[in-house]
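# Structural description and commentary
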Amino acid sequence: KKSLYWYLRTIEEVIIDLLLNEYGLAAKYNYDCYHDTEYTGVWVQNKGDPQRQYKIAAIGIGCTKWKTLHGASINISTDLSYFDKIIPCGISEAHKSVINLTDIVEKQTDIEMDTIITKVVPLF
């Protein structure tokens, strides 16, 4: 399918599926997980605090002659203080910020990079 919009949303859906089904963000932690209409990436929102939105994953692609290069970054346990020095992904709204997966899930949850890769690859 020749649609970069579709391609980006598909990558987002893979990450959303991982977060909802493998880590139980909605069922266990009461977080909605979705894509934002203004900003590419994956967003989460605590159902108990609907005023705040957090970007948990960023996606970047390049495309030449319908051949793509892509990358996705899931904030697992990133030092988020670096984002205080920039406007991450052009997000300037006060109610939108970034968050780590470790800020949401139980501390003993296995979220090592190898585990993430093992769980994401079959979703493609």
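Our structure is the block above this text.
An account of the accompanying structure is given in this report. Fair warning: this is a prediction, and the values are worked out from it, not measured in the lab.

### Focus: the overall build of the protein
A count of helices and strands for the protein gives two helices and five strands. Reading the secondary structure of the protein in the N-to-C direction produces α-β-β-β-β-β-α. By the compact-globule yardstick of 14 Å for 124 residues, the protein fits well, its C-alpha radius of gyration being 15 Å. Counting only C-alpha atoms and orienting by the principal axes, one finds that the protein spans roughly 45 × 35 × 25 Å.

### Examining the side chain of Gln53
If you trace the backbone, Gln53 turns up in strand β3 (residues 53-64). Within polar-contact distance, the side chain of Gln53 engages the side chain of Tyr34 at 2.9 Å. Discounting chain neighbours no more than four positions away, the residues touching Gln53 are Tyr34, Asp36, Trp43, Val44, Gln45, His95, Lys96 and Ser97.

### Regarding the nonpolar core
Here is a general trend for soluble globular proteins: nonpolar side chains tend to be buried in one another's company. Among the nonpolar cores identified, the biggest contains 28 residues, and Leu25, Val44 and Ile56 are the most heavily contacted of them. Taken together, the elements giving at least two residues each to this core come down to α1 (4-22), β1 (31-34), β2 (42-46), β3 and α2 (113-120). The greatest single-element share of this core, amounting to eight residues, is contributed by α1. Apart from residues lying up to four places away in sequence, Val44 is in contact with Leu25, Tyr31, Asp32, Cys33, Tyr34, Gln53, Tyr54, Ile56, Ile99 and Ile104.

### A look at the pairing of strand β4 (residues 67-74)
Bridge count for β3 against β4 is eight bridges, and the pairing is antiparallel. When the bridges of β4 are listed, Ile61 appears paired with His70.

### What about the packing of aromatic side chains?
Geometry of an aromatic ring pair is reported as the spacing of the ring centres plus the angle between the planes. A full pass over the atoms with the stated rule returns one aromatic pair. A ring pair is formed by Tyr39 and Trp43, whose centres lie 6.0 Å apart and whose planes are at 40°; its orientation type is tilted. The ring centre of Tyr5 lies 4.5 Å from the NZ or CZ of Arg9, which sits over that ring.

### Side note on α1
Counted at 1.5 Å a residue, the expected span for α1 with its 19 residues is 27 Å, and the 27 Å between its end C-alpha atoms agrees. Residues of α1 that are buried: Tyr7, Leu8, Arg9, Ile11, Glu12, Val14, Ile15, Ile16, Leu18 and Leu19. Elements in contact with the buried residues of α1: β1, β2, β3, β4 and α2. Following α1 by one or two positions, Gly24 has its phi on the positive side, about 65°.

### Regarding the packing of α1 against α2
Interaxial distance between α1 and α2 falls to 10 Å at its minimum, and their mutual angle equals 110°. Comparing the axis directions of α1 and α2 gives the class roughly perpendicular. Crossing of α1 against α2: the hand is right-handed. Only Ile116, Lys119 and Val120 of α2 make contact with α1, whose side of the interface consists of Val14, Leu18 and Glu22.

Cut-offs and rules
- Residues numbered from 1 in each chain as written.
- Predicted model: local features only at pLDDT ≥ 70, side-chain atom pairs only at ≥ 80, totals over all residues.
- Heavy atoms only, no water.
- Helix = DSSP H or I, 4+ residues; strand = E, 2+ residues; numbered from the N terminus.
- Rg over C-alpha atoms; globule rule 2.2 N^0.38 Å.
- Polar contact = N/O pair within 3.5 Å; in protein donor to acceptor, adjacent residues only side chain to side chain.
- Contact = heavy atoms within 4.5 Å.
- Core = buried A, V, L, I, M, F, W, Y, C linked by side-chain atoms within 4.5 Å.
- Buried < 20%, exposed > 50% of the residue type's maximum accessible area, 1.4 Å probe, protein only.
- Pairing = 2+ DSSP bridges.
- Phe/Tyr/Trp six-rings, centres within 6.5 Å; stacked < 30°, edge-to-face > 60°.
- Lys NZ or Arg CZ within 6 Å of the ring centre and 35° of its normal.
- Expected span 1.5 Å × (residues − 1).
- Axes fitted to C-alpha atoms, helices over the stretch in contact; angles between N-to-C directions.
- Parallel < 35°, antiparallel > 145°, perpendicular 65-115°, else oblique.
- Left-handed = near helix turned anticlockwise from the far one by under 90°.

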